[in-house]
Amino acid sequence: MSRAEESGTSAATAGPADPPAPAPLAGSAKPPAPAPPAGPAKSAAPATRLPSAGISPSTGAGSHPLWTFGLFRSELVTTFRRWRTIALLAVLAAVPILVGIAVKIETSGGSPADGGGGGGGPAFIAQITNNGLFLVFTSLAATLPFFLPMAIGVIAGDAIAGEANAGTLRYLLVAPAGRTRLLLTKYATTLAFCLVATLVVAASALAVGALLFPLGDLTTISGTRISFGEGLLRALLIALVVAASLIGVAALGLFISTLTNSGIAAMATTVGLLITVQILDQIPQLHAVQPYFFSHYWLSFADLMREPVYWDDLRRNLGLQALYAAVFGSAAWARFTAKDITA
Amino acid sequence: MEDLSAAEQREPGEADTRGKAHTRGGAETGRESGTDREADARGEADTGREPDTRGGDGTADAVIATRGLTKRYRGGQLAVDGLELTVPAGSVFGFLGPNGSGKTTTIRMLMGLIEPTSGTARVLGRPMPRSSRVVLPHVGALIEGPALYGFLSGRDNLLRYDAADPTADPRTRRTRVSAALDRVGLTAAAGKKARAYSLGMKQRLGLAAALLQPRRLLVLDEPTNGLDPQGMREIRLLIRELASDGTTVFLSSHLLDEIEQVCSHAAVMAQGRLITQGAVRDLAAGARGRLVVTTPDSADAARVLKEQGVADLVITETGVTGEPPDRELADVNAALVAAGVRVRGFGVERASLEDAFVALTGEGFDVAG
């Protein structure tokens, strides 16, 4: 009795509702491909076939495959609109400005700057005065060991833990964003941030370099000369490699982010690990394990400035980043999909 | 006479909006307790235990049905113990219990946020958390208060939550968000950063997020928390409105009178166990309403009432009270009048849900230790 009433009312509400609503969509478009409990349902009477307690079968099909990117877009917009993100990018953009001004002041003082790369990076800095393009390489070399990965650590560490901390994670999951989908979205956004952050450094360096120093043909590390156009291309390639060098940190940060409900803790742990690994990478006794540190081959991007390009370390770097992404990505997935969301 | 109609007045409000699922709560009240939690994890077959309530439908007609649902947290704390919850379709279901009684854990298990230690939960006929992707687009939820992105405006918050639902059509997103904002009365504040919202406004925005799409089930955890009396009224009105559209509403609250006002069904939890569930009027009836006769002739009235089978008579200042008999009350009244008793008021005073709660648990709303 009441059952008939129920399905009657539900049909009434489902029927005239606006077309994009998922339930009618699935109801009208799909012949019932019933779930086990609804086994005997017949397509003959689609309007009233089930008591209202059940779900119209294969409702999931109501989702358009492309709509899935809605979450990614929302995530991107949300991330890049935050003041924190903008501040991080501003700090990164400031590094080339400081380096450029420092070099300018030093060289205008009369003494030619031939001290070499102070930060242990490739000796690009001496060339800046001859060619502003070298400021791009110098700035990337200066930010890659710390500033860039720290910024990534903040974004990646906050990715899940920050949402958990704010409580928004539970609402995203009941939306339902889907745990795997949310994790992938978060990782993709972090990678997008890697790329944007690197490009911000490179672009800022290029602008400052062009403003303060002459531009022109340049000399590679191997001593050959290449045109400015090709130099620019190499700079772009280097920026991409630098961005790719951050894939490992991003995966690590995301994994740590799934371990805790505190965004601050996740960020701090990620950045702490980053510093620790950089220090361990300097200790000779650890020679055997150093090739597995995510930062070990970071400065190999300088090899792109050789003629011909020396690919070995570059390849090792990218392989290592892929390994980190696979290992910590899987760990993050395993952890996040099995986690009780109590925040 | 007057009082009788007063007693009846409760009915229409209940009946029109939510009286649909006529389970006889009395039959259900006996079935909770986790003793037979292994009875079966699979389910539906053994609902023959309730002969008269649902017949062959079994739990297929239930929007939420749990079987032996248990959650033991790491550290050994048993948060939910063998829960057998059945929420009929179309009901406004009140979920009651002291703080720490396992309500929120239950809701989180129903929403697929927490994995049960054992037992099963079916929502909209599908197992959770396995069918989250299919079930949850039909479910709007407000869990443990609203959570918002403080740096986004109210509208952007809703846009983001809607974008998280892969079944939500982005073409209608803005209209649906505006409609939801309008429905909870937040249109004017939609452009403000959520950080600047008051608790009541946040609560409304959380509700709006639950209403972004037409839902089959609304799970509302303490929805009137932080609202002023006017806001509470509005929310109750909204709940009634939604329920009359056929949406099942699962409402947790610690406000007993609130549950009594809006809910057709209720369940009571304490210390992780379900103490009782059923139709609200039956639960309250379980605590025995009292027949109240207002008359200056109390002695005569008491005598007549006793003849009419009214037990437990108490003579008060204004008249007589007693346990209502099983017979037609109009006849009792007629007998009083025929005996010359000057009846000024005659009616059954319903026991409140709170009376029922206290009668059931033997305790008030203390935090479980």
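Rules and cut-offs
Counting of residues starts from 1 at the beginning of each chain's written sequence and follows it residue by residue. The lettering of chains begins at A and the numbering of ligands begins at 1, in the order of writing. Predicted model: local features are reported for residues with pLDDT of at least 70 only, side-chain atom pairs are reported and counted for 80 or more only, and whole-chain, interface and lining totals are derived from all residues. Where side-chain values are given, they derive from all heavy atoms of the structure, hydrogens and water being excluded. Numbering of helices and strands runs from the N terminus; a helix is a DSSP stretch of H or I covering at least four residues, while a strand is a stretch of E covering at least two. Type-normalised accessible area, obtained with a 1.4 Å probe on protein chains alone, sets the label of each residue: buried when under 20%, exposed when over 50%, and partly exposed for intermediate values. Note on areas: Shrake-Rupley with a 1.4 Å probe; residue coverage comes only from the protein chains shown. What makes two residues a contact is simply this: any of their non-hydrogen atoms within 4.5 Å. Between any two strands, pairing holds if DSSP finds at least two bridges. All axes are obtained by fitting lines to C-alpha atoms, using only the stretch in contact for helices, and the reported angles, taken between N-to-C directions, cover 0 to 180 degrees. Put simply, a crossing is left-handed when the front helix is turned counterclockwise from the back one by less than a right angle, and right-handed when it is turned clockwise. In the scheme used here, Gly and all other residues not listed as nonpolar or charged are polar, with Ala, Val, Leu, Ile, Met, Phe, Trp, Tyr, Cys and Pro taken as nonpolar and Asp, Glu, Lys and Arg as charged. Note on aromatic contacts: the rings of Phe and Tyr and the six-membered ring of Trp form a pair at centre separations within 6.5 Å, being stacked when their planes are under 30 degrees apart, edge-to-face when over 60 apart, and tilted otherwise.

J.: Can you help me understand the overall build of chain B in this one?
T.: Of regular secondary structure, chain B possesses 13 helices and 15 strands. Within the span of chain B, comprising 369 residues, buried residues form 58% of the whole. With an accessible surface of roughly 15,000 Å², chain B has 49% of that area assigned to carbon and sulfur atoms.

J.: For this particular structure, what's the right way to read the overall build of chain A?
T.: Of the regular secondary structure elements, chain A holds 12 helices and 2 strands. When the helices and strands of chain A are placed in sequence order, the string is α-α-α-α-α-α-α-α-β-β-α-α-α-α. The 343 residues of chain A split such that 46% are buried. Taking the contacts inside chain A whose residues are at least 6 apart along the sequence as the reference set, 76% of them involve residues at least 24 apart.

J.: Got a minute to help me understand the environment of R155 of chain B in this structure?
T.: Residue and element names in this part refer to chain B. Following the sequence through the fold, R155 ends up in helix α5 (residues 154–163). Using a relative accessible area of 24% as the deciding quantity, one classes R155 as partly exposed. In this structure the C-alpha to C-alpha distance between R155 and A194, which are 39 residues apart in sequence, comes to 8.9 Å. With residues near it in sequence (within four places) discarded, R155 still touches R174, V177, S178, L181 and A190.

J.: Help me understand the sheet that holds strand β4 (residues 92–96) of chain B, please; the structure alone is not making it clear to me.
T.: All names here are of chain B. The strand order β7-β8-β9-β4-β10-β11 describes an open sheet built from 6 strands, whose pairing is mixed. Here the strands that pair on one side only, and so sit at the sheet edges, are β7 (139–142) and β11 (273–279). Along the sheet, successive strands turn relative to each other by an average axial angle of 10 degrees, direction set aside. Where β4 and strand β10 (residues 265–270) come together, 4 bridges link them in parallel fashion.

J.: Where do I start with the packing of helix α3 (residues 69–81) of chain A against α5 of chain B in this structure?
T.: Axis angle and axis distance: for two packed helices, these are the angle between their axes and the distance between the axes, and together they describe the pair. Packing of α3 of chain A against α5 of chain B brings their axes to within 8 Å, and their N-to-C directions diverge by 145 degrees. As α3 of chain A runs across α5 of chain B, the sense of the crossing is left-handed. Along the contact surface, α3 of chain A presents G70, L71, S74, E75, T78 and R81 of chain A, while α5 of chain B presents D156, R160 and A163 of chain B. A class-by-class count of the residues in the contact of α3 of chain A with α5 of chain B yields 2 nonpolar, 3 polar and 4 charged.

J.: Help me understand the sheet that holds strand β12 (residues 290–294) of chain B in this model?
T.: Adjacent strands of a sheet form backbone hydrogen bonds with each other and so pair up, either parallel or antiparallel. All names here are of chain B. Judged by pairing direction, the sheet is antiparallel, and its 4 strands sit side by side in the order β13-β14-β12-β15 without closing on themselves. Two strands bound the open sheet, and with one partner strand each, they are β13 (311–315) and β15 (345–349). Going across the sheet, the axis of each strand differs from the next one's by a mean of 20 degrees, ignoring polarity. Against the sheet, helix α12 (residues 329–338) contacts β12 and β15, and its axis sits at roughly 150 degrees relative to β15.

J.: Looking at this structure, how should I read the environment of T342 of chain A?
T.: The topology assignment puts T342 of chain A in the segment after α12 (312–338). Distance from T342 of chain A to L169 of chain A, taken between C-alpha atoms, is 9.8 Å for residues 173 residues apart in sequence. Aside from chain neighbours lying at most four places away, what touches T342 of chain A is N261 of chain A together with Y73, R108 and I114 of chain B.

J.: Help me understand the packing of aromatic side chains in this model?
T.: Here a ring pair, both rings aromatic, is described through the centre-centre distance and the interplanar angle of the planes. Residue and element names in this part refer to chain A. Tallied over the full model, the rule gives 12 aromatic pairs over all chains. A centroid spacing of 6.0 Å and a plane angle of 35 degrees characterise the contact between F80 and F193, whose relative ring orientation is tilted. You can see F80 sitting in helix α3 and its partner F193 sitting in helix α8 (residues 179–212), a full 113 residues away along the chain. Looking at F193, the relative accessible area reads 0%, which means it is buried. Plain terms: the ring middles of F146 and F147 are 6.1 Å apart, the flat faces sit at 70 degrees to each other, and that makes the pair edge-to-face. Residue class for F146 comes out partly exposed when judged on its relative accessible area of 33%. Members of the aromatic cluster, each reached through a chain of ring pairs, are F255, F294, W298, Y324 and F328.

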